[in-house]
Amino acid sequence: MRILYNKYLLPISAFFLAGIPTSAFAFQQHGGTEGLVVHQIAHILFFSGIIIFYNRINRTKTSGEGWFEFNTSLLFFLIWNCLTFYGHWYQSLMEPEKFISVDGTTVALIVDSIWDIFFYISKFDHLILVPAFLYLSFALFKWRVPA
Amino acid sequence: MILPWSPIVCLEIIGSTVTLWLAFFCAYLSWSWFKNQNEDLFRDYILLFTSTLIVFACSRSIGHLLKQILFLLSMPETWHKIAPYSGALNSSIFIIIFTFCLYYNRINRILNKLVLYKDDLENTVSLRTKELERTNSSLTREVSDRKRVEEDLRQSKATLENILNSAPPLCITDLDFNILKVNDSYRQVWPLAADLSGELKCFQSRPGDLCHTEKCPLILIARGKAEEIVCEAEKIKANGRHLIFIQTTRPFYNADRELIGVVTSFQEISEQKKAERALAAERENLAVTLRSIGDGVITTDTEGRVMILNRVAEKLCGWKQEDALGRPFPEIFHLIEDTTGILCPDPVKKILASGDIVTGGENAILVSRDGTRRAIADSGAPIRNPESKIIGVVLVIRDITERKRMEQEILKVKKLESVGILAGGIAHDFNNILTSILGNINLARQLPKESGEIPSLLQEAEKASLRAKDLTQQLLTFSKGGAPIKKTASIAGVIRDSASFILRGSNINCNFNIPEDLWLVDIDRGQMSQVIQNIILNARQAMPGGGNILISCENITPRLSNTKFIKIIITDYGHGIPAALLDKIFDPYFTTSKEGSGLGLAICHSIITKHDGTLEVKSRLGTGTTFTITLPASTETVSANEPVEKEYLVEKHGKILIMDDEKSVRDIAEQILTHLGHATTSVEEGKKAVEMYKRAYESGEPFDLIIMDLTIPDGMGGKEAVKEVLALNPKTKVIVASGYSNDPVMANHTKYGFSGCLNKPFQLQEMNKVVQMALH
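Notes on the structure follow. For clarity, every value in this text was computed on a predicted model and none was experimentally measured.

Overview of the overall build of chain A
Inference 1: Along the backbone of chain A there are five helices and two strands.
Inference 2: When the helices and strands of chain A are placed in sequence order, the string is α-α-α-β-β-α-α.
Inference 3: Counting every position in chain A, which comprises 147 residues, the buried fraction comes to 45%.
Inference 4: Within chain A, contacts between residues at least 6 apart in sequence are counted, and of these 60% link residues at least 24 apart.
Inference 5: Approximately 7,600 Å² of chain A is accessible, and the part contributed by carbon and sulfur atoms is 68%.

So this is what it looks like as C-alpha cells:
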C-alpha cells in the first residue's frame, strides 16, 4: 500500500474526485456536454494507461506463469474501452426519435446506417468485458499459487 | 430497420451479474496472492490495479443492474437522478487506473532499485556476517585454545605436584644452601622443612657428615666437579627408627640451562639393608648346614659348573671346594658302573635336560681324585627360582660301600641257608629213593636166580629210580638252563584241563570265569600246566572238607605301558596261610603239609618268572587264599599247533655211534640198542666221535645215527661235535642226550642241527621211540 503515498498520485486523484461533474453519465446518456466530455477523457486516459502499462509490462515481465492471461485481459479491456468510447460518442450524436420507447422504456432502435449498426453492436460490450475479467481471474489464479 | 432493444437489456443483466461475480472472484484471488507473498512490491501494485478494476466492475455492474431494475419498475426518473453519480464514479476509476498505469514504470524502477539495493544490502550484510562469523570463530578458537592451554597448564602443575609428592623424599636447594622446595615425603622424614616461609638451609634440615666439608655434594656440583653424586644418608627418627637412604644429588637448571641449585633425592634402603643382612645370615646358615650334613651335596649352575661342594662331597670326590669351584661337574665327579666299569652319564646333564628329579641306581662307583673307589647312591634335582626357571642342579651323594658289603654278606648267608635247606631236602629225598633202590636190588641179589620175587623187587627198584628221575626233573626247573619251550597258545584250555585233572574224584567244585576274548600268551604248556596243577593241589589240600575254587582270567592294559598282560586269579576258600609264612611259601622244600615235597610253589614261582610273569599270593587265615599270576600277552594272534608224534609200524635197524663221557651210560645204551637190533659203537668224547664218523663215512660205511651227550667235561660236547659232523655230511642224523632236560639246546634241538633229543635218564621204550623217529 505504499504506492498510495506517491507524491503525484494523491494530488491527481484528489483533483478528479473533487471535480466530479453534476451530470456525468457512464454508458448512459450524460446530463450535459461536460459530463460526457469528462467521461470520454476518462476513457481516453484509461486507454492510454492500459497501453502504457501493457507496453511496460511487455518490456519487463513477459515470461512466466500468468503473464499471457494478464496481457490478454489487458487487450480485452482496450477493445472494450474503444467499443464503449464509440458508443458514448455516437449516442450523443443520435436523434432521440431513433429510440422507440414504451412508457419511457426503450424497446427498439431504428437503424438507418452502418454507424447505427455499430452503435447497436457496441451495446453488447459485456461480451468483451466478461472475457477481460475472466482472463484477469486466470492470471491471478496462477500467480496466487506459490512457485 | 428497427432492431429490438431487449437483447441488449438481457445481455446487460446477465453480463453485469457475471462481471460482478468475476470481480469479486478476482478480489479474492488477489487478496490470497497478497497474503501468500507479502514481500513483493509488484504484487502490491497488481493488487491495487486489480482493486480499482474491481471497484470499476462493481460500480458499473451494480449501476447497470439498478438501471434495468428501475426501468422494469417504470422508474426511469429515479435512474436519471442516480446515473450521473455512477458515471462519475466510473470516470474517476478510469483516471485512477490511468494514474496507476502511468506510474507503473516509475514504481517498477523504484521497485527494481529497491530490489537491487536490498540485494546489495543483503550481500553486504551476508559478507559482513560471514566476516564477523569468521572473526567470532577465530576469537572463539583463540579463547578455547587459551582456556585449554590454561587447563593443560593447571593439570600439568597438578600432575607435577602429584609426581613430586608421590616420589621418594626430594629436595631442591639453591647455590646458597637455601631449600627452595621439598615434597611431602621429605617433610615426613625431615619435619623442619614443613615450613619454608622463612630461610632454611639444607644443613639445618638434614645435618650430616659431609656438611661444611669439601665433599658436600652441592659444593662439588656448583664447582663443576661432578654431574651426579650418590652417597648414603642416615636419619634416626623420633621413634628411634633408623632409616638409611641412597642420596642422589644432581644439578638443578633454570629454563636457560643456568645452574641455580641442586636436586637431591633420597631412596630408602632400610628394608633392603635388613634383607641383605638376613640373606647373608641365611647363606651362612646354609653353608654351615651344608658342611655339617652327613651326605655329600654338590650344586652346579645351569652350565654344569660346580658352585658348592660340602665337606662330605669333598671327601668322596677328593676335591677341596676352593679347587672345585667353577670347574665342570664331570671333571670332579667320575661315576662308573659297578659291573662294567663304563663311565655313567653325567647326572647334571640328565637333570637339566629332563627338569625332573633323577635318582641313580645303587650299582655306581664313584672314583675320587686319588683313585679311591666307593659305592654310592645318588639323587639329584633341579634348583628352580620363584618363576620355576631352572637355575642350577643339586646332587646328593651317599657312600653306601659299607652297606653294600653288609648286604652281600647277608645275601650270602641267606643263599647258604637256602642251599642248606635245598641240599637237606634233596639228600632226604634221594636217601629215601636210594634206600628203596638199594634195598630191592640187595634183596634180589640175595634171592636165588630162579626165585619168582626177583622181577617184582627189580620193578620196585625201577619205580624208585623213576621217582628219582621226576625229582631231578623238578630240581632242574631251578637251574639256569631250564628255559621254557614257549609257544603261542590260549591258556584257557591249559587251566581247565589242569584244574579238572587235579580235582578229579574230590569233593571240590571249580568255577571258571574266563572271557572268550582272553588274549593269547607265549607259554610252555607243560610247565604252565604244572603251575596250575601245583596251585590247585595246594588249594585242594587247604580244603580237606571240600568247597569251591574260583578261577578267573582277565585282560589287562596298563595305562603307562604298551605291554598287555593277562591275569589269572585262583581263589580258594580254605583255611588260609598265616601272614608270618607268606614270604616263605615260595622257598624250595618249605612246606607245612606232611604230604607235600615243598617244591610245588617254588617250582611255580620259578616257571612264572621264566615266563616273564609274576606270581603273588594274598591270604587271610580262616578265609582263603588267592594266587594271582600275571603273564605278558603274546604279540601273535594265532595259536601254534602241537607237533603230532608219529607211530612207526616197521622198525628200522641201523649202525649207531654213541658218544658219552660216562662209561656206565655208554654201556647201558649199547646194551639197549643192541637189544633193539642195532649195531653199536661208542666213544667217550666229541672229537673221537667226529674222527670215527669221518673214517666210517670215508670208508663208505657211514653211521646211520649218532647219539651225543650234550656236555662233556674237558672235551668236545655234542653241541660242537654235531656242527663238524654235519659239515662232513649234512644228512647225518644226530640225537642229543642230556641230563639237563631243560637246557635251551634240548628245548630247541632242531635249531642246533639235531634230529631228536633224549632226556637222561632214559628207558628202553623212550630210547627206541626217539631212535625210530630219527631213522625214519
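Considering the sheet that holds strand S6 (residues 259-268) of chain B
All names here are of chain B.
Inference 1: With respect to topology, five strands assemble into an open sheet ordered S3-S2-S6-S5-S4, the strand pairing being antiparallel. Sheet topology places strand S3 (179-182) and strand S4 (229-236) at the edges, where each strand pairs with a single neighbour. Taken over all neighbouring pairs, the strand axes of this sheet differ in orientation by 25 degrees on average, direction set aside.
Inference 2: One ladder, built from three bridges, connects strand S2 (residues 170-174) with S3; its direction is antiparallel. Each residue of the ladder has a partner; that of Cys171, found in S3, is Val182.
Inference 3: In the packing of helix H8 (residues 270-292) onto the sheet, the strands contacted are S4, strand S5 (242-253) and S6, and the crossing angle to S5 comes to about 130 degrees.

A look at the interface of chain B and chain A
Inference 1: The interface is formed by 65 residues belonging to chain B together with 70 residues belonging to chain A.
Inference 2: Summed over the shared surface of chain B and chain A, the result is one salt bridge.
Inference 3: The interface formed by chain B and chain A includes nine residue pairs in polar contact (both at pLDDT 80 or more).
Inference 4: Looking at the side of chain B that touches chain A, the elements with two or more residues in it are strand S1 (2-4), helix H1 (6-36), helix H2 (41-72), helix H3 (76-102) and helix H4 (104-166) of chain B.
Inference 5: Among the elements that take part in the side of chain B that touches chain A, H3(B) stands out by supplying 20 residues, more than any other.
Inference 6: Classifying every residue of the side of chain B that touches chain A by side-chain character gives 43 nonpolar, 18 polar and four charged.

What to know about the nonpolar core
Residue and element names in this part refer to chain B.
Inference 1: In this structure, Ile491, Ile549, Ile568, Ile629 and Leu631 are the most contacted members of the largest nonpolar core, which totals 50 residues.
Inference 2: Sort the elements by how many residues they give to this core and helix H15 (residues 491-503) lands first, with seven residues.
Inference 3: Apart from residues no more than four positions distant in its own chain, Ile629 is found in contact with Val531, Ile532, Ile535, Ile566, Lys567, Ile568, Ile570, Ile608, Thr614 and Leu615.
Inference 4: With 48 residues, the next largest nonpolar core counts Ala23, Leu48, Ile93 and Tyr104 among its residues.

Notes on the side chain of Asn178(B)
Residues and elements named next belong to chain B.
Inference 1: Mapping Asn178 onto the fold places it in the loop between S2 and S3.
Inference 2: Relative accessible area serves as the criterion here: at 14%, Asn178 is assigned to the buried category.
Inference 3: Those residues within four positions of Asn178 in sequence are excluded, and the remaining contacts are Ile172, Thr173, Glu199, Leu200 and Lys201.

Some words on the packing of helix H3 (residues 67-93) of chain A against helix H5 (residues 126-144) of chain A
Two quantities define a packed helix pair, namely the angle between the axes and the distance from one axis to the other.
Residues and elements named next belong to chain A.
Inference 1: The interhelical angle for the contact between H3 and H5, taken along N-to-C directions, is 160 degrees, at an axis separation of 8 Å. Here H5 runs roughly antiparallel to H3, going by the angle between their axes. At the point where H3 passes H5, the crossing takes the left-handed sense. Touching Trp67, Glu69, Phe70, Thr72, Ser73, Phe76, Phe77, Ile79, Trp80 and Leu83 of H3 are Ile128, Leu129, Pro131, Ala132, Phe133, Tyr135, Leu136, Phe138, Ala139, Lys142 and Trp143, all from H5.
Inference 2: Looking at the contact of H3 with H5, its residues break down into 17 nonpolar, two polar and two charged.

What counts as what
Residues numbered from 1 in each chain as written. Chains lettered and ligands numbered in written order. Predicted model: local features only at pLDDT ≥ 70, side-chain atom pairs only at ≥ 80, totals over all residues. Heavy atoms only, no water. Helix = DSSP H or I, 4+ residues; strand = E, 2+ residues; numbered from the N terminus. Buried < 20%, exposed > 50% of the residue type's maximum accessible area, 1.4 Å probe, protein only. Contact = heavy atoms within 4.5 Å. Areas by Shrake-Rupley, 256 points an atom, 1.4 Å probe, with all protein chains shown as cover. Pairing = 2+ DSSP bridges. Axes fitted to C-alpha atoms, helices over the stretch in contact; angles between N-to-C directions. Salt bridge = Lys/Arg side-chain N within 4 Å of Asp/Glu carboxyl O. Polar contact = N/O pair within 3.5 Å; in protein donor to acceptor, adjacent residues only side chain to side chain. Nonpolar A, V, L, I, M, F, W, Y, C, P; charged D, E, K, R; others polar. Core = buried A, V, L, I, M, F, W, Y, C linked by side-chain atoms within 4.5 Å. Parallel < 35°, antiparallel > 145°, perpendicular 65-115°, else oblique. Left-handed = near helix turned anticlockwise from the far one by under 90°.

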